[in-house]
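The residues making up each chain are set out below.
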Amino acid sequence: AGMESSGGASRAVADWRLAVWTLCSVLLPVLITAWCSFQRSRRQLLIRDIFLKSKHNWHYTDLFGQPSYCCVCAQHILRGAFCGCCGLRVSESCLKKADQLFLCKEIVMRGSGEAPSSMPHHWIRGNVPLCSCCMVCKQQCGTQPKLCDYRCVWCQHTVHDECMVDCLRTEDCTFGEFKDLIIPPYYLSTINQMRKEKRTSYEKVVPYGRKQWMPVIVLANTRSGNNMGETLLGEFKMLLNPVQVFDLSKITPAKALQLCTLLPCNAVRILVCGGDGTVGWVLDAIDEMKIKGQERYIPQVAILPLGTGNDLSNTLGWGAGYAGEVPVEQILRNVMEADGIKLDRWKVQVTNKGYYNLRKPKVFTMNNYFSIGPDALMALNFHAHREKTPSLFSSRIINKAVYFFYGTKDCLVQECKDLNKRVELELDGERIELPSLEGIIVLNIGYWGGGCRLWEGMGDEPYPLARHDDGLLEVVGVHGSFHCAQIQVKLANPVRLGQAHTVRLILKSSKMPMQVDGEPWAQGPCTVTITHKTHALMLYHSGEQTDDDDASSLSE
């Protein structure tokens, strides 16, 4: 009996020990995980606090895109923080110290007394761009695997450690290749001084050494198309004054364009990074400047196409889409070299039918095209789908695939059949007899449907080329979604209905899909009237046409 009791006690002890070890083996990983999670969240809060209070434009990355060295401890780092304006790179542990030691790019030069007319180089040590050359000895910089050599954050010139002399540290910065596009901090200091003295003759103030000063303002929509806006913002801030670069998800174009009133008249150039919808938003803000009596500050507009269709940018020579294949430096060169042209803008008024209709007519501004029929239906379905699940539409390829799906669906269903029986069309007051159609498209620009020259078609008939500055609209018809697809691959021509200064379309019965520049809606019986509204000052680049045959015609 005694042996049995002692055996039972030892088994109980063994079971108790097993339970304790089992509990420890379960709890220990949980506690370690919880502690690591707490430390990580604490570290993230500290980093976020530094980011918020700092004058640097810090961003955190888990992996740098090139070999990088901490500007404080000079150690090689794989991850850490970098400044999107001046290019500093630091490890997490050195972030607070770097924030205290190094100054970021100055937007406005601060100082007492008279505003300066020049400024010295702002040198940053290490992490110079690959393949950069020393401004003194003309040899390659950044070749050693350590923190070495200097770069000026304004002119982008680089200098070897051994070539850096005291005179370079105090030498006036020339602002480099893009001096004609950069707004110098000392210029803004001068303007601030003039505003304090209530002087407004800003056009008399020209930065030293600028014969053809054409300051550029970058407006980027970070939500457009392929989500490249965030990356571009940082790259433009590195090359220009950060005050010139605006994120349209945080500030409206109307507010950003007020910077034009502090710059010389008729000299400013705008670079809109986004789709055709973003360009229209900016052009509307420019029209508001005209209403406010700021005509002399109206800028010229260039486009960096980030949207899905990008027909306006294609028409103006800026290409059908940007995916990072062209360096930002080349984009700025293209903006400098571009020629000024005019773009017609049109007023689209939609008046609902009915004797007792008290609602005001809908009024839109058209830059590209108006349509009723299958392409508007595809845009409407796409828009509804994107509103439900916006996270799925982050790629230009996915967006076009969804358009293709809805186009194929309409080929089978034919929701817009017998459009010619439901509408009447008038061109400059003259009634047009319509053949059997499913859609009508009114064009202001040469391109439609993501890169197709609709009015000219296959070019087998002698039709005059469509222009965007002649005060005329081109009106065509399509037989359905399949016909649209045939036109896009140059297997068919549209039904050309004519050209006109004023277009009037009467929808007699039923609801039909309509769109203006990619903004679709379902419309009941109504009268649509399209008349000329104004001109926009645009920039034309001759090097990025989709159709080689038509490139020369648009530059005439």
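Residues numbered from 1 in each chain as written. Predicted model: local features only at pLDDT ≥ 70, side-chain atom pairs only at ≥ 80, totals over all residues. Heavy atoms only, no water.

Help me understand the sheet that holds strand β8 (residues 158-159) in this model?
Hydrogen bonds between backbone groups are what pair the strands of a sheet, and the pairing can be parallel or antiparallel. With antiparallel pairing, three strands are arranged side by side in an open sheet as β6-β7-β8. For this open sheet the edge positions go to β6 (123-125) and β8, each flanked by a neighbour on one side alone. Judged from the three bridges that link them, β6 and strand β7 (residues 150-152) form a sheet pairing that is antiparallel. The residue of β7 that forms the bridge with I124 is R151. (Pairing = 2+ DSSP bridges. Helix = DSSP H or I, 4+ residues; strand = E, 2+ residues; numbered from the N terminus.)

Explain the pattern of salt bridges to me, please; I cannot follow it from the model alone.
Two side chains with opposite charge may pair up if their charged atoms get near one another. Applying the stated criterion across every chain, the model contains ten salt bridges. A salt bridge links D49 to K53, with the nearest nitrogen and oxygen atoms 3.4 Å apart. With a gap of four residues between them, D49 and K53 both fall in helix α1 (residues 2-53), about one helical turn apart. On the accessibility criterion, D49 (35% relative accessible area) is partly exposed. Among the ionic contacts, a cluster of salt bridges with common partners joins D284, D287, K290, R345 and K533. (Salt bridge = Lys/Arg side-chain N within 4 Å of Asp/Glu carboxyl O. Buried < 20%, exposed > 50% of the residue type's maximum accessible area, 1.4 Å probe, protein only.)

Sorry if this is basic, but what is going on with unusual backbone geometry here?
Most peptide bonds adopt trans geometry, and most residues besides glycine take a negative phi value. Positive phi values are uncommon outside glycine, yet A74 reaches one of about 65°. Within the secondary structure layout, A74 lies in the loop between β2 (68-69) and β3 (76-77). Its identity is not glycine, yet F175 carries a phi of approximately 70°, on the positive side. The buried category is assigned to F175, whose relative accessible area is 1%.

Looking at this model, I keep getting lost on the packing of aromatic side chains. Mind explaining?
The geometry of an aromatic ring pair is captured by the separation of the ring centres together with the interplanar angle, meaning the angle of the planes. Summed over all chains, the structure comprises four aromatic pairs. Joined through ring pairs, the aromatic side chains of W154, F175 and Y186 make up one cluster. Positioned over the ring face of Y150 is R169, at 5.5 Å from the centre of the ring. (Phe/Tyr/Trp six-rings, centres within 6.5 Å; stacked < 30°, edge-to-face > 60°. Lys NZ or Arg CZ within 6 Å of the ring centre and 35° of its normal.)

Sorry if this is basic, but what is going on with helix α5 (residues 229-239) here?
Working note: α-helix, 3.6 residues per turn, so residues spaced by three or four point in the same direction. For α5, the complete set of buried residues consists of G229, L232, L233, F236, K237 and L239. Seen end-on, α5 carries its buried residues on one side only, within an arc spanning 160°. Where α5 is buried, its residues meet β9 (216-220), β10 (245-247), β11 (269-274), β12 (300-305) and α9 (328-337). (Arc of directions from axis to C-beta. Contact = heavy atoms within 4.5 Å.)

I keep staring at the nonpolar core and nothing clicks. Help me out?
Note that soluble globular proteins tend to have their nonpolar side chains buried in a common cluster. In this structure, I217, L219, F236, L240, I270, L271 and M538 are the most contacted members of the largest nonpolar core, which totals 101 residues. Of all the elements, helix α7 (residues 276-291) adds the most residues to this core, at six residues. Those residues in contact with I217 that sit more than four places away from it in its chain are Q244, F246, L259, C260, L263, V268, R269, I270 and L271. Counting residues in hydrophobic clusters, the runner-up holds 32 residues, among them V348, I372, L427 and M512. (Core = buried A, V, L, I, M, F, W, Y, C linked by side-chain atoms within 4.5 Å.)

Looking at this structure, I do not really get the side chain of R89. What am I missing?
Examined against the element boundaries, R89 turns out to sit in strand β5 (residues 89-90). Here R89 occupies a buried position and makes no salt bridge, while the nearest side chain of opposite charge, E235, is found at 9.9 Å. A distance of 2.6 Å separates the side chain of R89 from the side chain of S68, its partner in a polar contact. In contact with R89, other than residues within four places in its own chain, are F64, Q66, S68, Y69, C70, C71, I77, A81, F82 and N127. (Lys, Arg positive; Asp, Glu negative; His and termini not counted. Polar contact = N/O pair within 3.5 Å; in protein donor to acceptor, adjacent residues only side chain to side chain.)

Looking at this model, I keep getting lost on the sheet that holds strand β4 (residues 80-83). Mind explaining?
The strand order across the open sheet built from three strands is β1-β4-β5, with neighbouring strands paired in antiparallel fashion. On the outer flanks of this sheet lie β1 (58-61) and β5, each paired with one strand and no other. Sheet analysis places β4 next to β5, joined by two bridges and oriented antiparallel. From the neighbouring strand, A81 faces β5, where its bridge partner is V90.

Would you mind showing me how to read a nonpolar patch on the surface here?
A cluster of nonpolar residues, L23, L27 and L31, forms a patch on the protein surface that exposes about 300 Å² of accessible area. Along the polypeptide, L23 turns up in helix α1. (Patch = residues over 30% accessible without salt bridge, like charges linked within 9 Å, V, L, I, M, F, W, Y side chains within 5 Å. Areas by Shrake-Rupley, 256 points an atom, 1.4 Å probe, with all protein chains shown as cover.)

Even after reading the chapter, I still don't get the confidence of the model for the protein, so can you show me in this structure?
Low pLDDT marks regions whose predicted coordinates should not be analysed in detail. Considering every residue of the protein, the mean pLDDT works out to 83; 85% of them sit at 70 or more. Across residues 544-556, confidence stays below pLDDT 50; counting only partners more than four residues off in sequence or on other chains, it has 30 contacts. (pLDDT = per-residue confidence, 0-100.)

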